[in-house]
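# An overview of the molecular structure
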Amino acid sequence: MSDPPAAAGRTPAAWRDAMFGALLFVVALVPRLWVALAWSGEAVWDGHYYDFGAKRSAAGLGYSDDRTIAGALVWHPWCHYPVGYSAFLAFFYRWLGPGRAVAAVVDALTGAAIAVVTWLLARYAVSEGRARAAGLLVALHPGLVLYAALVMSEPLAALLTLAAFWLTVRDRDERRGIVVGSLVLGVSALVRPQALLCAPFLGALGLGTAKRGWRARAVGAAAACALALVPVLPWTARNCRVMDGCALVSTNAGWNLAIGAFPRATGRFETLRSSDGCRDVTGQVQQDRCWLQYGLAQIKAHPWHWLSLAAAKLGYTFDHESFAVEYLHEARPEAWPEVTRENARAVTTLAHRLLLAAAALGCVAFPASRDPRRTAEAASQGALLAVAALLGALAFASSSPAFWPLAIFAAVVPWLPFAGRPGATPALLLGVSLLATTEVVHAVFFGEDRYHVVATPVLALLAAAALRRPRAET
C-alpha cells in the first residue's frame, strides 16, 4: 500500500503526525477519564458477567464459576460470553487489583486509542484534514465518551477491528499486511465473534486498488479467513476439552437467534424461558444448540414473522443511543435523576443521529461537475444526494424517527459503481464492511442500540469523507 500524503515527507510531516496523534489521544482521554472515574459504578447487565469472568481469571480460576453439587462447591467452566474482553481486563486486575478504578482507567485508555486508530485508518481513505476530522469526531462523540464508564466489550472490539484494517492497508507488502491484519482480526473475534465476518473483505481488499482478478481476491479472502481463525482455535480447543461440547468462541449464538425469532420476539432483547423450549438441557453447549435448533425451526415455520422484524431490529440498533445512560442509571440510580437521565439520552441520541446522517454522504460527491462532458456523473451524484437528503428529512421530521435506512444507505452505496462518485479506497471499504456486517447480524438476530457502538468510528470516517469531489483526495 502507498503511504498517505501526510507521510510522504518523512521528517517534518512525521513529526507533525506524531504531535497530532499524541494531542488527539489526550483530547480523547481527558473527558473519558473524568467520566469513567466520576460516574462509573457497579458493573451491571452484561458488564457484570464480563467483570466476574475477569476477576475469576485474574484469581487463577480461569473463565469459570462455581456450582454447588450435592452440597459441595465445584469448579465449573463456562463460555456463554466471549472471553476476550474479560481476559483483557483480567491482565490488569491481576497486577493492579480488581478495583472499579482499574476498569475505568483501562476503558478510558481503550476509548482514547480508538480515536487515534480511526485517524490512522482514515489517512488511507481521505485527505489529511478529513482524517483528522474523523479522529476528532470519535474523540469528542458524547456517546463514546460516556461509554468509557461502562464495563462493556464494544470499545475493545472496535479498537481491535479497526487496528486490523489499519495494519492491513498500511503495509507496503500486501501479503504481509493481510497476514498481520487477519491475525489481529482473529484476536478481535475473541471479543466479538462477528469480527470474523470482516475477514473475507480484509483478504480481498487488502490486495489494494490495483486491478486483480477475482481468483486472486478469492484466494486472499480465503487466506484471511483461515488466518483469522488461528488466534481463535486454541480457545475452541479449550471449549471442546472442558465444556459439554465444542464451541468456536462462545455459546450465545443460538440463544440470540431464538430471541430474534420466537413467537414473543419484538426485535430487541427478550428473556427466554424454559417454557419457550429447551426444558431439558444439562450444559451450556447443549443449551445453545437447542436454542439454535428452536430458532431455526421458528424461522422455517413462520418466515414472514421473522422477516417482518428486520426493520424493528435495525431500528432498535440504529435509531437512537441510550444504552450508556441507562447502564449508568442502573448502576447508580441516585446519580441519574429523571431529568438528567432524559437530557443525557437526548444529547447522545442527537449526536448519533447527526453523525449517521453525515455518514450517509460518505460516498456522495459534491459539488456536481459543470463540465458538460460529465453530465451523467453530475446527475448520478445529484440523485444520490437527493435520496440521502430525503431519508434524512423523513427521519428527522417523523414523529417516530427511523434512522436505520440511513445506515443501510451508508453501508450499500460505497460498493455501487455510480458514475462520478469519490474514490472508495480499501481503507474506507474495510470500514464499511464492519458497518455492513453489523447490520446483517442484527437484522438476523435482534437489535439494541449498544450494538452500533462498534461501528460508530466507521460512521465518523464516512462523515469525514462526506461530499468530497468526484476524484478521490487521497
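A brief structural summary. (Residues numbered from 1 in each chain as written. Predicted model: local features only at pLDDT ≥ 70, side-chain atom pairs only at ≥ 80, totals over all residues. Heavy atoms only, no water.)

## Remarks on the pairing of strand β2 (residues 72-77)
Let me state the cut-off plainly: By definition, two strands form a pair when at least two bridges between them are found by DSSP. Here a helix means four or more residues in a row that DSSP labels H or I, a strand means two or more in a row labelled E, and each is numbered from the N terminus.
Where strand β1 (residues 64-69) meets β2, 6 bridges bridge the pair, whose relative direction is antiparallel. Residue pairing for β2: I69 is matched across the bridge by A72.

## A word on the packing of helix α1 (residues 12-39) against helix α4 (residues 100-122)
Heads up, the condition is: Between N-to-C directions, angles span 0 to 180 degrees; the directions come from axes that are lines fitted to C-alpha atoms, helices contributing only their stretch in contact. Here is the rule for handedness: rotate from the far helix to the near one, and if that takes an anticlockwise turn smaller than a right angle the crossing is left-handed, while a clockwise turn gives right-handed. In what follows, residue pairs with any heavy atoms lying within 4.5 Å of each other are defined as contacts. Gly is put with the polar residues, along with every residue not named as nonpolar or charged; the nonpolar set is Ala, Val, Leu, Ile, Met, Phe, Trp, Tyr, Cys and Pro, and the charged set is Asp, Glu, Lys and Arg.
Contact geometry of α1 with α4 gives a least axis separation of 8 Å together with a crossing angle of 145°. Seen along the crossing, α1 lies across α4 with a hand that is right-handed. Here α1 contributes D17, F20, G21, L24, F25, A28, L29, R32, L33, A36 and L37 to the contact with α4, which in turn contributes A101, A104, V105, A108, L109, G111, A112, A113, A115, V116 and W119. For the contact of α1 with α4, a count of residues per class yields 18 nonpolar, 2 polar and 2 charged.

## Concerning the state of the cysteines
This is how it is decided: Any cysteine sulfur atom paired with another within 2.5 Å is treated as part of a disulfide. Think of it in three bands: with a 1.4 Å probe and only protein chains considered, a residue is buried below 20% of the maximum accessible area for its type, exposed above 50%, and partly exposed in between.
This model, assessed by the stated rule, comprises 2 disulfides. Across the disulfide from C240 sits C246; the S-S distance is 2.1 Å. Its S-S torsion of about 135° marks the bond between C240 and C246 as right-handed, since a negative value means left-handed. In this structure C246 comes out as partly exposed when scored by relative accessible area, which is 42%. Covalent S-S linkage joins C278 and C290, the inter-sulfur distance amounting to 2.1 Å. With the S-S dihedral at roughly -105°, the linkage between C278 and C290 falls on the left-handed side. With a gap of 12 residues between them, C278 in the loop between α12 (253-259) and α13 (284-301) and C290 in helix α13 connect regions that are remote in the sequence.

## Some points on the pattern of salt bridges
Note the following rule: Any carboxyl oxygen of Asp or Glu within 4 Å of a side-chain nitrogen of Lys or Arg constitutes a salt bridge here.
In the structure shown here, the tally under the stated rule is 15 salt bridges. Close ionic contact of R332 with E334 constitutes a salt bridge, the shortest N to O distance being 3.7 Å. Through salt bridges with shared partners, one network takes in D17, R123, E128 and R132.

## Section: unusual backbone geometry
Its identity as a non-glycine residue notwithstanding, W45 has a phi of 50°, on the positive side. A relative accessible area of 36% means that W45 is categorised as partly exposed. Phi is positive for L467, which is not a glycine, with a value near 55°. Along the chain, the position of L467 falls in the segment after α21 (456-464). With relative accessibility at 29%, the residue L467 sits in the partly exposed group.

## Focus: the nonpolar core
Basically, it comes down to this: Residues belong to a common nonpolar core when they are buried Ala, Val, Leu, Ile, Met, Phe, Trp, Tyr or Cys residues joined through side-chain atoms within 4.5 Å.
Grouped together as the largest cluster of nonpolar side chains are 131 residues, with contacts concentrated most on L150, Y327 and L435. Counting residues per element, this core draws most heavily on α4, at 15 residues. Not counting chain neighbours up to four residues away, the residues in contact with Y327 comprise E42, A43, V44, W45, G47, L150, V151 and M152. By size, the runner-up hydrophobic cluster in this structure holds 12 residues, among which are A258, F262, W291 and F446.

## Here we look at the packing of aromatic side chains
So the rule is basically this: Side-chain rings of Phe, Tyr and Trp, where Trp is taken by its six-membered ring, are said to pair if the distance between their centres is within 6.5 Å; with planes under 30 degrees apart they count as stacked, over 60 as edge-to-face, and otherwise as tilted. Note on geometry: a ring has a charge over it if NZ (lysine) or CZ (arginine) is within 6 Å of the ring centre and within 35 degrees of the ring normal.
Taken as a whole and judged by the stated rule, the model has 21 aromatic pairs. Aromatic side chains F91 and F92 sit 5.2 Å apart centroid to centroid with 90° between the ring planes, which places their arrangement in the edge-to-face category. Relative accessible area serves as the criterion here: at 51%, F91 is assigned to the exposed category. Judged by relative accessible area, which is 23%, F92 ranks as partly exposed. Taken together through their ring pairs, the aromatic side chains of W45, Y147, F323 and Y327 make up a single cluster. Taking the ring centre of F20 as reference, the NZ or CZ of R132 above it sits at 4.6 Å. It is R450 that lies over the ring of F323; its NZ or CZ is 5.6 Å from the centre.

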